[in-house]
Amino acid sequence: MLILLFLLFISAPLCKYVLYPLIFACLKWKRPVRKFTAPTSRIRDILNPGDDEWKMEHIKDEEIITISGSGEDDSFIYIQIITKNGIHTAHIRILEQKILYSGSYDAYFIDNRTITCGPLLLELRNPFRKWRINFRGYLNDNIGNSHFITLSGWWRCVTNARFFYSNSPLKAFSEVYSENPISLIENLKTIEKYRMGNVFNQMGEYHAEIRIGNGETIEHRYRGLRHRNPLEMETTSTQFHTYLSDGNSISHRVNFIEDNKRVSHGIIFRADHSVRPITLHNSHSLESDNMIPIQFNFASGKFLPLQMRKGPKLSHFTFVREDNKIVDVTAFKVNYTLFTGVGFVVRVREAVHQIPPKNLHSFPEYHASESEKLRKVLPFCHRACQDKLLTGGKGANLARLQAVTNDFHVPPGIVVTTAAFNEHVQVNRDIYEAIKLLDQCDRSADYYEQVGKQIEELLIESEISENLQNEIREWLPFSEYYAVRSSAVGEDGADLSSAGQLESYLDVFSNEIVEKLKLCWASNFRREVLNYRKNYGQQLNPPMAVVIQEMNRNGVSGVMFTANPVKLDRGEIVINALAGSGEQIVSGSTTPDEIHVNRITNSTVINKTGSECCLAEYQIEKLTKVGEYLEKVFGKPQDIEFVVRNTQVNVVQSRDITGLDKESPFEMYTEYNSASVTDKEVLTNANVGEVLPVPLNAMEAHNLTGMFDKVISCMTMQEINDVVPAHTTIGFSVAHRKIFFNLGEVVLRIWEMVQKDRITDIVIAGETLFTEEMFHQAAHQYGRVPSFFPLKRMYHMIKLIYFTSNSVKEKIAEIDKEAKSLVPTDDMPVEKVFKRYEELEKLWCDAIRCHTDLSMFSSFTYVLCGMLIRGSDSGQLSNDNISDFANVFSNNSRGDVVSADVPNSLKKLAKTIREDGLDERFCSAEGNESLKILEDGRKSSEELRRFFDLHGHRGPKELYLDAATWEEDTDLLVHTIKSMLSCPETSDKTIENEDDIIDNLKCKPTGLRRRFLKYFIGQTHRGVSFRENAKNHLVSTTNSVRKTCRMVGKKLYQKGYLPDPNLWMHFSMDELKELNETRSAKLISRAVRRKQISSKFEGLQFPMVAHGYMNPIKIEIAESDASVGLVLRGTTVCEGKARARARVAKSLEEAKETQPGEVLITKYTDICWSPFFPIISGIVTEIGGLLSHGAVVAREYGLPSLIAVTNATHHFKTGDLVELDSIIGTISRLDENQE
């Protein structure tokens, strides 16, 4: 007995202090919670969201979604959507200019990617990465006044998504098991329920513009928490979250479970992208009416506590939620050292009274049975008439209206179904064969017009069967006059209306119905109808039904929109009405009276065309009620056609308003912008401004940017923690559809090393980039560089240079070869082409990784040579140092630099043309005819084939997916060769050996330093060769991906899903897959709008570096700059002097006019500018670093060259006499007399 008592006595402490920690550790090991990251060796796995991520982000029943965030002026948004029993309820709170606006809306759960709650729209665009949030509606202010508010923009992540309890320590669950540790199984079930629960937390930025009433439009970046919580995990709780201006953010929850036990856990998302568990020091500090600082302690104890002081209360609001809970939110200012934010304390408690379940109007779609699908005539009252595939859009809508009549009348009628049309076509084989011709989807507009006319004529000449005529007469309601109206499958939807394009006939006598039926069928193939469908990627020959309805005459006809279609205001009903036929309104032949009814204030504004409005006040009121009722029944704002006769409202059509949820101009412009962790990001146009110089299309913004970012993230993180986040971008930032390099994330993480040695600036941009303010910010954001970091980086670099560089070079060549083998062929179905793209995308990623590794090899050896030239590992670079840099790198003894081989190959080609005696014929011919002439040359034809074999895959914008290669577009090559033939041959540059190079340096090293420098000069030249070789294979792999994307576009065009085979570039690949599955007109419309807006991004100028947001700049040149004596300075990359006329070329097209001997002044150069190097006397660029294309090729040719000459293309103009002196680093304008 004593032994039993002793065991009972010790079992509780044993469980509490030994067993629970042991089991908890085992569970975390055996059942790890998923982390959305990958080691640097497996970034292939996180390039795109997988099916599991889409499934996790799909909208679900019995769930709560909360999105909150604060702006720079303490404005905030708080949106919480609870989905329960298939109904969404959205609670919206917006604080703007210290006024709180609030409202709640309900809607049925319809789509797992979209939430539409009245005027609120949330649309999933990319799992855990991007949501569209749009609100156009009315909210009440503090005193109950309603205001029309528009809020539109994009929510983007700034952190990875986290399962909230995934990193919680056992201490977070201490109250679960401390009272009764013996109940081991029950307690562990509770712990695992939370630890494995689908409670997602993620910080993000909602970049939006807001307008209240007729006030000014304000742009905000609301940063804060996005939280998803299953209702089963929702209990009474106290929550706190904030986003601080330094990029650190906190989320903390205390959940109260049975018997007042608590589960308390918090996480801090640090600005360096790490995530740490935290604990709240004092729970009373969350009370807003005391001044106790809010302090969080790090669970690991490795970091100092984070303590925030409370500022003034900004707002307080409460709402009752549909799960019978009261949500109480207090927002107040918080201060942390020099940084601020808005803190949200959210208390959730049980409501005292039970909240009754909501019951919304709904009208589910009906699908006809197999036997019903054979019916050729259906009255509106038959349930099968509600099937859109059987009776078309118009017919089905009328049947639905007939089923929900309430204080309005639907004139009776019938629908001649698509089954009748199909039978008529089958019987008349000539019509059947003509319609089949429309299945060829890749023909010209003239072809479809010709076929359409043929079908129209055949239908009109055909005879309607007696059986069908008898059936129409049998079901036709009695009336003096009828309306006969087309009802095609696919029309009158929310995305596509075909309004006014298909034929309708009014005032038809019964004996005319058969003829009008044929005319309606024929209108399905009119030119404008076929063009409209083709432009939206829709089926050209959908089945056709025809509505025959009792005609209402001698009334007031019109169209009513239950939301203003122009202002997109759901609080305003717009009625267009006139005495007579409503067709006059649709056709635009008559100007109607226009009536605006404000549903919030019940006010009415009438714009009359005559002395009196055609509708009386009571008729307007009744119409308004009908419109509001139909909007509730069908769940969306309606476009309603009506006829009013005295007190009777006759509804003859009701459909969803098309385009009501389309993106605003602001949303279209900012769709691909990146989120910012803080307002003070450090971004640059250097390096990336020459590699990716022009705006991105949608495919590139979605796929190319993410790919490059993941690889750069590998380079950044491999020596820090070897972890790459799946959802956030680190290395690149997109603004105004342009890619910029995020120096803060990539370079300033090792700010101590960069601050000590400024060679990094010169290598990247050719000029100083970083300021002391940037270094101070980096010190706070990233902390000190880990002591092991320099050793790890040195290890990786030595390993790369001496052991793996050759294998990396071989690997990228193999990748290129494999990519070429995967390029799809014409006989493949589009589904297989999609699979090929997925395989190629991974190879593309590997190729970028190889190129990045070899670029690091090249950059590292440059930096080492710079240190040896300077004589130390720290300090500023003198002008003599930079001059020595230029000398060292301009004497590359290796002859295998691919980028330099382009101009060399063209020189050889020009020489062989002369030797073959074809120069005169070549220069007199135009375009491709010039190249055909070379087929007659023995040497020149062989040299041309060699050029295309080696360099044919290269060309303008060679890393872009919409580019054309030299082999595809030969105009530039022909032009350049002609320029070469018009000037005398130039001798090749003399290359010095390493000893001669060192002897000519101004800062001459001696002894061991000289020996090291001599060695690393060779390694530097080797690195340049390897890097350029890798770039060549990367461009070739990109070309394979490009061909695959084109094939996707071609296949979808051939299927009729794309109106233009090149429109693919304005989709993401996921959208193209969705288009292939759904044939959605909405996706086509979105892509067309992207294409239309793309011109807005052309020609924008950006600063070299921005400490904040990267916005376009307007360059203003003073009049004095046009005078003689103007001198601009830059960084020398190859020494020499040239006095000549300037050729200012801001684009490749302008560069085609370059004449032999001119000094070329441009923004940047890439491989396409290589052909000009043999004929110019010097080059100046605004953008570029020591490793840039222009620097490499200029050094190969010994051309005097400067980089980083700010705004050179604006200060000089073509024809100026200039002197380029790259010895002292200047370019100056001379007096004409000095020539």
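In case you missed it, the structure is sitting above this.
Everything in this summary refers to the structure shown in the same document. (Residues numbered from 1 in each chain as written. Predicted model: local features only at pLDDT ≥ 70, side-chain atom pairs only at ≥ 80, totals over all residues. Heavy atoms only, no water.)

This part takes up the overall build of the protein chain. Helix and strand counts for the protein chain stand at 35 helices and 44 strands. Rg of the C-alpha trace for the protein chain: 36 Å, near the compact-globule value of 33 Å for 1235 residues, within the 12% margin. Considered along the principal axes of its C-alpha atoms, the protein chain spans approximately 110 × 105 × 65 Å. A separation threshold of at least 6 residues defines the contact pool for the protein chain, and within that pool the share at least 24 residues apart is 67%. In the form shown here, the protein chain has an accessible surface area of approximately 50500 Å², with 50% of it arising from carbon and sulfur atoms. Distance between charge centres in the protein chain, computed from 147 positive and 161 negative side chains, equals 5 Å. (Helix = DSSP H or I, 4+ residues; strand = E, 2+ residues; numbered from the N terminus. Rg over C-alpha atoms; globule rule 2.2 N^0.38 Å. Contact = heavy atoms within 4.5 Å. Areas by Shrake-Rupley, 256 points an atom, 1.4 Å probe, with all protein chains shown as cover. Lys, Arg positive; Asp, Glu negative; His and termini not counted. Charge placed at Lys NZ, Arg CZ, Asp CG, Glu CD.)

Glancing now at the pattern of salt bridges. What the rule picks out here adds up to 72 salt bridges. For the salt bridge of Glu-123 with Arg-1086, the shortest nitrogen-to-oxygen distance reads 3.2 Å. With Glu-123 in strand β7 (residues 120-126) and Arg-1086 in helix α32 (residues 1081-1093), this pair connects stretches of sequence that are 963 residues apart. With respect to burial, Glu-123 and Arg-1086 carry one shared label: buried. Salt-bridge contacts for Arg-221 lead to Glu-205; the nearest nitrogen and oxygen are separated by 3.2 Å. Pair noted here: Arg-221 is in strand β12 (residues 218-230) and Glu-205 is in strand β11 (residues 200-212), with a separation of 16 residues, a long-range link. When sorted by exposure, Arg-221 lands in the same class as Glu-205, which is buried. Each of the salt bridges in this network shares a partner with another, and the network as a whole consists of Glu-123, Arg-125, Arg-132, Glu-663, Glu-667, Glu-671, Glu-1071, Arg-1086, Arg-1089 and Arg-1090. (Salt bridge = Lys/Arg side-chain N within 4 Å of Asp/Glu carboxyl O. Buried < 20%, exposed > 50% of the residue type's maximum accessible area, 1.4 Å probe, protein only.)

In the contact formed by helix α22 (residues 830-870) and helix α30 (residues 1007-1054), the axes pass within 7 Å of each other and the chain directions differ by 160°. As judged from the angle between their axes, α22 and α30 are roughly antiparallel. When you trace α22 past α30, the crossing you get is left-handed. Split into classes, the residues belonging to the contact of α22 with α30 amount to 29 nonpolar, 11 polar and six charged. (Axes fitted to C-alpha atoms, helices over the stretch in contact; angles between N-to-C directions. Parallel < 35°, antiparallel > 145°, perpendicular 65-115°, else oblique. Left-handed = near helix turned anticlockwise from the far one by under 90°. Nonpolar A, V, L, I, M, F, W, Y, C, P; charged D, E, K, R; others polar.)

A few words now on the packing of helix α8 (residues 445-461) against helix α11 (residues 527-535). Contact pair α8 / α11: the axes reach a minimum separation of 9 Å and the direction vectors enclose 135°. The angle between α8 and α11 places the two elements in the oblique class. Relative to α11, α8 is oriented so that their crossing is right-handed. Within the contact between the two elements, α8 uses Ala-445, Tyr-448, Glu-449 and Gly-452 and α11 uses Arg-527, Leu-530, Asn-531 and Lys-534.

Here we come to the side chain of His-227. Inspection of the secondary structure puts His-227 in strand β12. Looking at His-227, its side chain comes within polar contact range of the side chain of Arg-253, at 3.2 Å. With near-sequence residues (within four places) excluded, His-227 lies in contact with Ile-64, Ile-65, Thr-66, Val-199, Phe-200, Asn-201 and Arg-253. (Polar contact = N/O pair within 3.5 Å; in protein donor to acceptor, adjacent residues only side chain to side chain.)

On the surface, a cluster of negative charge is contributed by Glu-179, Glu-186, Glu-258 and Asp-259. With respect to the helices, strands and loops of the structure, Asp-259 is situated in the loop between β14 (249-256) and β15 (262-269). (Patch = residues over 30% accessible without salt bridge, like charges linked within 9 Å, V, L, I, M, F, W, Y side chains within 5 Å.)

Spatial ordering of the open sheet is given by β29-β28-β27-β26-β30-β31, a layout of six strands whose pairing is antiparallel. A single partner strand is all that each edge strand has here, and the edge strands are β29 (604-607) and β31 (648-656). Across this sheet, the average inter-strand angle for adjacent strands is 20°, counted without regard to direction. Of the strand pairs in this sheet, strand β30 (residues 638-645) and β31 are connected by eight bridges, and their pairing is antiparallel. Looking at β31, one finds that Arg-645 is bridged to Gln-648. Against the sheet, helix α13 (residues 617-634) engages β26 (556-561), β27 (572-579), β28 (593-598), β29, β30 and β31, with an angle of about 145° to β30. (Pairing = 2+ DSSP bridges.)

The next point concerns unusual backbone geometry. Non-glycine residue Asp-507 carries a positive phi angle of around 55°. At His-736, a residue that is not glycine, the phi angle is positive and equals roughly 55°. Relative to the assigned elements, His-736 resides in the loop between β34 (732-735) and β35 (738-742).

Counted according to the given criterion, the structure contains 31 aromatic pairs. Joined through ring pairs, the aromatic side chains of Phe-36, Phe-128, Phe-163 and Phe-200 make up one cluster. Over the aromatic face of Tyr-432 sits the side chain of Arg-429, whose NZ or CZ is 4.1 Å from the ring centroid. When the ring centre of Phe-740 is taken as origin, the NZ or CZ atom of Lys-738, which lies over that ring, is 5.1 Å away. (Phe/Tyr/Trp six-rings, centres within 6.5 Å; stacked < 30°, edge-to-face > 60°. Lys NZ or Arg CZ within 6 Å of the ring centre and 35° of its normal.)

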